[in-house]
Amino acid sequence: MNEIWNYIIENQASIGAYMLEHIQLVGLSVIIAIAIGLPLGIYLTTNEELAETVLQVANVIMTVPSIALFGIMIPILSIINHGIGFVPAVIALILYSQLPIIRNTYVAINNVDPHIRDAANGLGMSTMQRLLRVEIPNALPIIMAGVRQAVVMNIGIGAIAAFIGAGGLGVLINQGISRSNTTMVLTGAIAISILAIVADGLLGILQKRMTPKGFQQ
Amino acid sequence: MIKFDGVTKVYGDKVKAVDDVSFEVPEGNIVVFLGPSGCGKTTTLRMVNRLESITEGKIFVNGTDVNSLNQIELRRNIGYVIQHNGLFPNMTIEDNVMAVPNLLSWDRKKKTDRYNHLMDLIGLNPDEYRKRYPHELSGGQQQRVGIARAMAADPPVMLMDEPFGALDPVIRSRIQNEFLQIQQEVKKTILFVSHDIDEAIKMGDGIAIFEGGKLMQYDSPSELLARPKNEFVREFVGQDRALKSLSLHTVKDLISERMLRKADGLQKHNKKTITVETNLRDALSILLNQEADQLFVQANNKLVGAMRIDDVEAYLHHHIK
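These figures come from a predicted structure and were not determined experimentally. (Residues numbered from 1 in each chain as written. Chains lettered and ligands numbered in written order. Predicted model: local features only at pLDDT ≥ 70, side-chain atom pairs only at ≥ 80, totals over all residues. Heavy atoms only, no water.)

Draft legend 1. Just the packing of aromatic side chains, in detail. All names here are of chain B. All told, the structure shown has eight aromatic pairs over all chains when counted by the stated rule. Look at Phe 4 and Phe 33: their rings are 6.2 Å apart centre to centre, the planes differ by 65°, and that puts the pair in the edge-to-face class. Of this pair, Phe 4 sits in strand E1 (residues 2–11) while Phe 33 sits in strand E3 (residues 30–34), and the two are 29 residues apart along the sequence. Here Phe 4 and Phe 33 have matching classes, each one buried. With a centroid separation of 4.8 Å and 55° between ring planes, the pair formed by Phe 23 and Tyr 218 is classed as tilted. Highlighted residues: Phe 23 in strand E2 (residues 15–25) and Tyr 218 in strand E10 (residues 214–219), separated in sequence by 195 residues. Using a relative accessible area of 24% as the deciding quantity, one classes Tyr 218 as partly exposed. Every member of this aromatic cluster is reached through a ring pair, and the members are Phe 4, Phe 23, Phe 33, Phe 210 and Tyr 218. Lys 110 extends its terminal NZ or CZ atom over the ring of Trp 106, reaching a point 4.2 Å from the ring centre. Directly above the aromatic system of Phe 88 lies the positively charged group of Arg 149, at a separation of 4.8 Å from the ring centroid. (Phe/Tyr/Trp six-rings, centres within 6.5 Å; stacked < 30°, edge-to-face > 60°. Helix = DSSP H or I, 4+ residues; strand = E, 2+ residues; numbered from the N terminus. Buried < 20%, exposed > 50% of the residue type's maximum accessible area, 1.4 Å probe, protein only. Lys NZ or Arg CZ within 6 Å of the ring centre and 35° of its normal.)

Here it is, written out as structure tokens:
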């Protein structure tokens, strides 16, 4: 325990930098994932057949081992000279985030009480008004739960991104393994865990904030 | 005001949910669509604001074919109330009631005035409920708010799909009465779906009975009870249709046809006083419950006479049937 503590004190600067990289990696990938997944999830509620296919594909992506996915990225992105590093890592994390975000958005919008949707239509709301005023606000807690899941998951998977040179806290683990330095490996693992716990807590608070006040507890 | 002209709804290739229905609803009337589940009453209602498309035939509202209008505009001009109130749980009561004015971008002053007026109309304190949410209200209050929301932009026509169906009998009866009061004031043209014959008799100026997508009979409640057109209608209104028709008449009607007995003020036991506004069904119930041998009838707090069971019976035989 003491060793780890000493290691952290001695290497604060570099650990801080790795952590920042890690946050950037996960943050950027989740933001892009939301920008893709949210509209896609909403669109899928209007197209049952496509929904089936897309959710299947997202499911399959989830089952690909992360190290393999990073590996696949290398030849593909080499074409544009980004075979290793930040870009393939972000793309892989975006792919992993799609399932929880698309699925939760799709399920949440689909599960909005049909009577409420009927009332919205009957009052003369356009599709867009119905989505913005009624469906999305009522679906938001579940959508946020998906985002939260994606963030926490990506903080974990992000550690492996170090193997393709994307930086982040995975670097500590990667180097620790090759140098047989248990302290380094543990430090990296603990830092990632703490990051995940803090992110989960903050997003939990955000999720509560975004839950409409009118919802029964 | 609302005209159905050969309206037909076909699902898929074959299933005829509504089959060649034609009738007219005069302005300011409540017409109840009555029938068992799956008879086409709700589908007929939902074709008016085009929540269901019309397969064949035409529906005119105020002389305009609904199919010729923009769907969104049409719906904003027709109030819509459903059984499960359909209030938006994420919005406050004020935002719920003002849903349509918000869509129409009314200015703040106009909205506040309208909200206050509507809440007064439905008997809820505007300020007390303004910032509250639907789940904090009882079922009856939610249903009232649902009605206020439907009336927000003052549409001339309202569609009500079993609006009181989910309420318990006591609350339902109270809200029915309140709603009739409101209707006296606002005089909307209302289409009202129900599966309850008693509700139909109470609420309707006219009743349209449906079965298997076909319109069986369209008449006033008293006509429907007195002269059911066919076996189905006869069965649907029930064996006790004579009794039901009594609820359409008050003691006042009876007095206009028959002299009342002289009230025997000296008789001490078993007397009970009712007003001339009491309907004959309730009066008969009191007599049958043996709460009294005869009922003393009051008009404007003055005793005008007494009545017994045989008075009701004679009135029924001579003037209703």
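Draft legend 2. Region of interest: the interface of chain B and chain A. Contact with chain B, which involves 23 residues of that partner, is made by 21 residues of chain A. For the pairing of chain B and chain A, the buried interface totals around 2000 Å² over both sides, and the portion due to carbon and sulfur atoms is 64%. Remark: the boundary between chain B and chain A carries one salt bridge. Here Arg 46 of chain B ties to Asp 118 of chain A by a salt bridge, and the two come within 2.9 Å at their closest N and O atoms. Inspection of the region where chain B meets chain A yields six residue pairs in polar contact (both at pLDDT 80 or more). At the level of secondary structure, the elements contributing two or more residues to the side of chain B that touches chain A comprise helix H2 (71–76), strand E6 (78–82) and helix H4 (99–103) of chain B. Considering every element that reaches the side of chain B that touches chain A, the biggest residue donor is H4 of chain B, with four residues. (Contact = heavy atoms within 4.5 Å. Buried area = accessible area lost by both parts, 1.4 Å probe. Salt bridge = Lys/Arg side-chain N within 4 Å of Asp/Glu carboxyl O. Polar contact = N/O pair within 3.5 Å; in protein donor to acceptor, adjacent residues only side chain to side chain.)

Draft legend 3. Here's a closer look at unusual backbone geometry. All names here are of chain B. Not every positive phi belongs to a glycine, and Ser 105 is a case in point at roughly 50°. Among the secondary structure elements, Ser 105 is positioned in the loop between H4 and helix H5 (108–122). Given a relative accessible area of 61%, Ser 105 falls into the exposed group. Positive phi, normally seen in glycine, also occurs at Asn 300, with a value near 50°. Positionally, Asn 300 belongs in the loop between strand E12 (294–299) and strand E13 (302–307).

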